[in-house]
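# Chain and residue survey
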Amino acid sequence: MSDDMGNPSELVIDFVNTYDVEEETDAIPSPAALTAWLGGRELIGPEDTADERDLATAADLREALREALRHNHDRPGGGDHGPGLSRPFGALPLRVALTSGGPVLEPVATGVPGGLAGIVAAVMNAHADGMWPRLKVCTESSCQWAFVDSSKNRSRSWCSMRVCGNRTKTRAYRARRQTEPGSRHL
């Protein structure tokens, strides 16, 4: 397993986006696909393989993270995200290790559980480096794509203003037009 998991925020975003809500497609629909995804990010060794239980844990973790990222719109400081993360986080044991760069979380387990615990460690690293409040999912209900809010005031709501922002604003405009006195229904 790689000691350098790259940018923790990117890893979390990448993992959440393995399920495309709009297209209803899953990039990790099987244990073999989970093995390939984790291996491609050097979170597991070449001999490690996932099973159905690992796949269920990964799906649970992914959707708990998606839910937590929804809360970052409401709590810009990255406050309480409810009990949703407790279950998948509790299933993936971590320990605090002292390194030359300071204390870090690292997986206790090896193999696929260790790889999934590496994603949990990335969440904690995103918190530690101040990026967690910037990780969000698109507020467009049919989208839910995870993204990093790079706006100066951390107020971005959509993954893309051009697509999801435009959809939302067009619906709101049509709804206002329909309720205006004397307006023709569109």
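What this report covers is the structure whose coordinates are included nearby.

About the cut-offs
Residues numbered from 1 in each chain as written. Predicted model: local features only at pLDDT ≥ 70, side-chain atom pairs only at ≥ 80, totals over all residues. Heavy atoms only, no water. Buried < 20%, exposed > 50% of the residue type's maximum accessible area, 1.4 Å probe, protein only. Helix = DSSP H or I, 4+ residues; strand = E, 2+ residues; numbered from the N terminus. Polar contact = N/O pair within 3.5 Å; in protein donor to acceptor, adjacent residues only side chain to side chain. Contact = heavy atoms within 4.5 Å. Pairing = 2+ DSSP bridges. Axes fitted to C-alpha atoms, helices over the stretch in contact; angles between N-to-C directions. Parallel < 35°, antiparallel > 145°, perpendicular 65-115°, else oblique. Left-handed = near helix turned anticlockwise from the far one by under 90°. Nonpolar A, V, L, I, M, F, W, Y, C, P; charged D, E, K, R; others polar. Phe/Tyr/Trp six-rings, centres within 6.5 Å; stacked < 30°, edge-to-face > 60°.

## A few points about helix 2 (residues 31-40)
Looking at helix 2, one finds that the buried residues are P31, A33, L34, T35, W37 and L38. Of the residues one or two after helix 2, E42 is the one with positive phi, at around 55 degrees.

## With respect to the side chain of R62
Mapped onto the elements, R62 comes out in helix 3 (residues 52-74). On the accessibility criterion, R62 (4% relative accessible area) is buried. Among the polar contacts made by the side chain of R62, one reaches the side chain of D26 at a distance of 2.9 Å. Setting aside residues no more than four positions away along its own chain, R62 makes contact with F15, V16, T18, Y19, D26 and I28.

## Quick look at the pairing of strand 3 (residues 94-99)
When a strand is regular, its side chains alternate between the sheet's two faces. Relative to strand 4 (residues 102-107), strand 3 runs antiparallel, the two sharing six bridges. Residue pairing in the sheet places L94 in a bridge with P107 of strand 4. Hairpin connection of strand 3 to strand 4: two residues between the antiparallel strands.

## Points about the packing of helix 2 against helix 5 (residues 111-128)
A pair of packed helices is captured by two measures, namely the crossing angle of their axes and the spacing between those axes. Where helix 2 meets helix 5, the axes come as close as 11 Å, and the angle between the chain directions of the two elements is 55 degrees. By the criterion of interaxial angle, the relationship of helix 2 to helix 5 is oblique. The hand of the helix 2/helix 5 crossing is left-handed. Touching L34, W37 and L38 of helix 2 are V112, G115, L116 and I119, all from helix 5. Of the residues assigned to the contact of helix 2 with helix 5, the class counts are six nonpolar, one polar and no charged.

## Looking at helix 1 (residues 8-16)
Of all nine residues making up helix 1, seven are buried, and the element is well covered by its neighbours. All of the buried residues along helix 1 are P8, S9, L11, V12, I13, F15 and V16. One side-chain oxygen at the N-terminal end of helix 1 lies 2.8 Å from the backbone nitrogen of S9; it belongs to N7.

## Some points on the packing of aromatic side chains
Applying the stated criterion across every chain yields a total of one aromatic pair. On the basis of an interplanar angle of 55 degrees and a centroid distance of 5.4 Å, the ring pair of F15 and W37 is categorised as tilted. A residue pair is termed long-range when its members are at least 10 positions apart, and F15 in helix 1 and W37 in helix 2 qualify at 22 residues. Under the relative-accessibility criterion, W37 is labelled buried at 8%.

Any link to function would need more than the numbers given here.
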